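Results of the structural survey
So the chains spell out like this:
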Amino acid sequence: MSDRTFRALRITETAPGVFERAIVERRTSELPAGELLLRVAYSALNYKDALSASGNKGITRTYPHTPGIDAAGIVEESSHPDWKPGDPAIVTSYDLGMNTDGGLGGYIRVPAAWVLRLPEGMSLAESMVLGTAGITAAIALYKLEQMGQSPQLGPVVVTGASGGVGSVAVALLAHCGYHVIAATGKADAEAYLRSLGAAEVVGRDYVQDTSARPLLRARWAGGIDTAGGQTLATLLKACAQNGSIAACGLVDAPQLPATVYPFILNGVNLLGVDSATFPMELREMLWQRLAGEWRIPVLDRIRISAPLDEVPRWLDALLRGEVRGRVLVHLDAEGGA
């Protein structure tokens, strides 16, 4: 095994509770143990990365650390019989970028069980425009349709629609024939969301009922919620009979101020989405769909390209809620976005 040098974002705790970010040079010999060494071509930014880069010990326990829960690249070394050098691969979720050095560096070393093959017809860059956000949206749609959701039942609402998961969810649902209601707190996002396929764009107030009513007039047949809190409670209260709401975020709040009435009177289903530990066989199936019948034709409209040196400012923008779509980070000098 050769020892390679590479650039990486490194977060260091310089004093208790004080964290600094820097682009540093590292060596592959410093990476944790694992069956596969991947040369990372692309990563993408997620809210978890911004939290890790800010010293959130609920995400990352030990520093110094390299964030990045998404990575796509080429296998350089393998001790696993199913993989060989030159294989294109994707890693999302599991412990990557949390307590295992992540994709915001030129190399990662990970267990083979975390890695899936790049689907035929999908580029490495496309896989990272999707990344964790894309597989989260795909799991949500998969679970909705497992419960009988279909375009014929009526509109589907997406909250946090201009964010990473929300943007992919809007585009994916629209591509699959759904009438999408995109809810956003960004007043300037309407043209963007309509370009992704949203049939209606509404403000945050539309999905935040603060009355004490346990049920509301039906406004949608189902939904994908990235917010939690009062927003998720509203989606449940205003969901049509036997509809489903997939919950995959908590940017509003982790609490759920709801009653049981939507469930026991309207038969509404609340579906949990956990992309970090979703079974690999189903994960692979959904990635194949995203490369096939679920291939999003407007994926480029979701992408913002950035080199590694610009990542710190984009992480700050993520924390401020100022990022629209997905920030694609290109790390391989020979494979820019």
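This text goes with the structure placed above it.
Owing to the predicted nature of the structure, the values given are computational and were not obtained by experimental measurement. (Residues numbered from 1 in each chain as written. Predicted model: local features only at pLDDT ≥ 70, side-chain atom pairs only at ≥ 80, totals over all residues. Heavy atoms only, no water.)

1. What about the pattern of salt bridges?
Working definition: two side chains of opposite charge can pair if their charged atoms are close together. Under the criterion given, the structure shown has 21 salt bridges. Glu 77 is paired through a salt bridge with Arg 4; the nearest N and O atoms lie 2.9 Å apart. With Glu 77 in strand 4 (residues 70-78) and Arg 4 in the segment before strand 1 (5-15), this residue pair connects regions lying 73 residues apart in the sequence. Judged by relative accessible area, which is 13%, Glu 77 ranks as buried. Between Asp 309 and Arg 7 there is a salt bridge, with the nearest N and O atoms lying 2.6 Å from each other. Of this pair, Asp 309 sits in the loop between strand 14 (303-307) and helix 8 (311-319) while Arg 7 is found in strand 1, placing the two residues 302 residues apart along the sequence. Classification of Asp 309 as partly exposed rests on a relative accessible area of 48%. Judged by relative accessible area, which is 40%, Arg 7 ranks as partly exposed. Here the salt bridges share partners, and the residues they tie into one network are Arg 4, Arg 39, Glu 76 and Glu 77. (Salt bridge = Lys/Arg side-chain N within 4 Å of Asp/Glu carboxyl O. Helix = DSSP H or I, 4+ residues; strand = E, 2+ residues; numbered from the N terminus. Buried < 20%, exposed > 50% of the residue type's maximum accessible area, 1.4 Å probe, protein only.)

2. Thoughts on the packing of helix 2 (residues 124-146) against helix 3 (residues 164-175)
Closest axis-to-axis distance for the helix 2/helix 3 pair is 8 Å, and the angle between their directions is 50°. Taken together, the axes of helix 2 and helix 3 are oblique relative to one another. Relative to helix 3, the crossing made by helix 2 is right-handed. Judged by residue contacts, Leu 130, Ala 133, Gly 134, Thr 136, Ala 137, Ala 138 and Leu 141 of helix 2 engage Gly 164, Val 165, Val 168, Ala 169, Leu 172 and Leu 173 from helix 3. The residue inventory of the contact of helix 2 with helix 3, partitioned by class, reads 10 nonpolar, three polar and no charged. (Axes fitted to C-alpha atoms, helices over the stretch in contact; angles between N-to-C directions. Parallel < 35°, antiparallel > 145°, perpendicular 65-115°, else oblique. Left-handed = near helix turned anticlockwise from the far one by under 90°. Contact = heavy atoms within 4.5 Å. Nonpolar A, V, L, I, M, F, W, Y, C, P; charged D, E, K, R; others polar.)

So yeah, pure geometry; function would need other evidence.
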